[in-house]
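Per-entry structural report
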Amino acid sequence: MGKDVEKATKLKEDGNHHFQANDFIGAESLYSKAPGSIIADDTNPSLYTNRAMARIRLNLYESAILDCNECLKLSGEKGNLKAYFILSQCQLAIGDYNAALESALKAHRLCVETNDKSLGPVTNQVLRCKKERWDDMEKKRSREGQELENDVIALMERERDDMVNSCDNDFDKTQVAEEWDHKIALLRDTFERSRSAAEKRREVPAWAIDDISFGIMVDPVITKTGKSYERASIMEHLKRHPTDPLTREPLLPSDLRSNLQLREACQEFLDQNGWAVDW
C-alpha cells in the first residue's frame, strides 16, 4: 500500500461531510480507497481514526478496533488520544471491560499531558468503563453465589434424604427431616442476609465527590487553598472563569497539583463500589 496524499485528503474531507450528515456507510467507504477497504494513505493516522468512528456507528466494532490499532502503530510511543478513546468505546461494546478501561486511562493520560479540550468526555468514558466492568463483575458474583447456594442446598437435601431413609421408624424419620429442614432454612437465610447486606452498603463518602460536577472523582487535583476537584471539572470551569470556585480568587491551571493520595482513595472506593460511578 502506498501513499496518495492528495486523494487521502479529498477522501477525508468528503468522508467528514458524510459523517456529519449521519451517512456513516458513505463516510466509511470514503475514508477507504474504493472499491476495497484499503486506506488511500496508509501513513495518515487520522484516516484510520475517522474510519473507526464511522464503523462504530455501523456497529462494526472489530473492524474499528483494527483501525485504532493501525493508527497507534503509526503514532509510535507518543500514542494517539483519539485512537485510544475510540478503541475504548469499541472494547466496551464487545464486553472487553479490562481492555476498555486500560485504553480509556491511556486517553485520559494524554488529555492531561496535552491539556486537551476533550478531557471531560474522556473522563466520562473512564467512569463508564469502571461502571460497566463493575456491573459485569457483580453479575458474575451474583450468579456464582446463587450457584453455590443451590449446590450446597442440593447436597444437604440429599444428605437429609439419606439420613431419613436410614431411620427405622416414622418418628425418627420425622425428627431427622425436621432437623435437616431447619438447617437448610438457616442456610437460605444466611445467603439472603448476605445479599441484603451487600445491597445496603451504597453510600458515597463526601470526600470522593467533586463539588463542580457532583460525580465521583477519578483524577482529583488540589488548589492553592487545599480544596480538591475532578481535573476535568476544574479545567472546564477555569476556561470560563479563571478563578477559584470557592474563594473566587485568581486561579490558573498551573496552580493545580495532582492529589495522589485522594486519587488512590477514590480508586480504592470505586474498585469496591463500582455502582458509585452512576451515583
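Residues numbered from 1 in each chain as written. Predicted model: local features only at pLDDT ≥ 70, side-chain atom pairs only at ≥ 80, totals over all residues. Heavy atoms only, no water.

**Let's talk about the sheet that holds strand β3 (residues 257–258)**
Read from one edge to the other, the open sheet built from three strands follows the order β2-β1-β3, with strand pairing classed as antiparallel. Unpaired on one side and paired on the other, β2 (228–230) and β3 mark the two borders of the sheet. Relative to β3, strand β1 (residues 220–222) runs antiparallel, the two being bridged by two bridges. By the bridge assignment for β3, V221 is matched with S258. (Pairing = 2+ DSSP bridges. Helix = DSSP H or I, 4+ residues; strand = E, 2+ residues; numbered from the N terminus.)

**Some points on the nonpolar core**
Core analysis: the largest hydrophobic core is formed by 27 residues, its most contacted members being I86, C90, I234 and L256. Secondary structure elements with two or more residues in this core: α3 (45–57), α4 (61–75), α5 (81–93), α6 (97–114), α7 (119–165) and α9 (231–240). Ranked by residue count, the leading element in this core is α5, at six residues. Not counting chain neighbours up to four residues away, the residues in contact with I234 comprise I212, V221, Y229, P245, L251 and L256. (Core = buried A, V, L, I, M, F, W, Y, C linked by side-chain atoms within 4.5 Å. Buried < 20%, exposed > 50% of the residue type's maximum accessible area, 1.4 Å probe, protein only. Contact = heavy atoms within 4.5 Å.)

**Concerning the packing of α7 against helix α10 (residues 260–272)**
Running from amino to carboxyl end, α7 crosses α10 at an angle of 35 degrees, the nearest separation of the two axes being 9 Å. In contact with L127, K130, R133 and W134 of α7, α10 contributes Q267, L270, D271 and Q272. When the residues that make up the contact of α7 with α10 are grouped by side-chain class, the tally is three nonpolar, two polar and three charged. (Axes fitted to C-alpha atoms, helices over the stretch in contact; angles between N-to-C directions. Nonpolar A, V, L, I, M, F, W, Y, C, P; charged D, E, K, R; others polar.)

**Section: the side chain of E230**
For E230, the location among the structural elements is in strand β2. One buried charge, E230, has no salt-bridge partner; the nearest side chain with opposite charge is R231, at 6.5 Å. Apart from the residues lying within four places of it in its own chain, the contact partners of E230 are H108, T123, D210, I216, M217, V218, D219 and P220. (Lys, Arg positive; Asp, Glu negative; His and termini not counted. Salt bridge = Lys/Arg side-chain N within 4 Å of Asp/Glu carboxyl O.)

**Some details on the environment of T123**
Residue position: T123 is located in helix α7. Here T123 falls in the buried class, since its relative accessible area comes to 4%. On a C-alpha basis, the gap between T123 and A104 in space is 8.0 Å, while along the polypeptide they are 19 residues apart. In this view, T123 contacts H108, E230 and A232; residues no more than four positions away in its chain are not counted. A polar atom in the side chain of T123 sits 3.4 Å from the side chain of H108. (Polar contact = N/O pair within 3.5 Å; in protein donor to acceptor, adjacent residues only side chain to side chain.)

**Describing α6**
Compared with an ideal rise of 1.5 Å per residue, which puts 18 residues at 26 Å, α6 spans 26 Å between its outermost C-alpha atoms and is within 8% of the ideal. For α6, the elements touching its buried residues are α5, α7 and β2. Positive phi shows up at N115, right after α6, with a value of about 55 degrees. (Expected span 1.5 Å × (residues − 1).)

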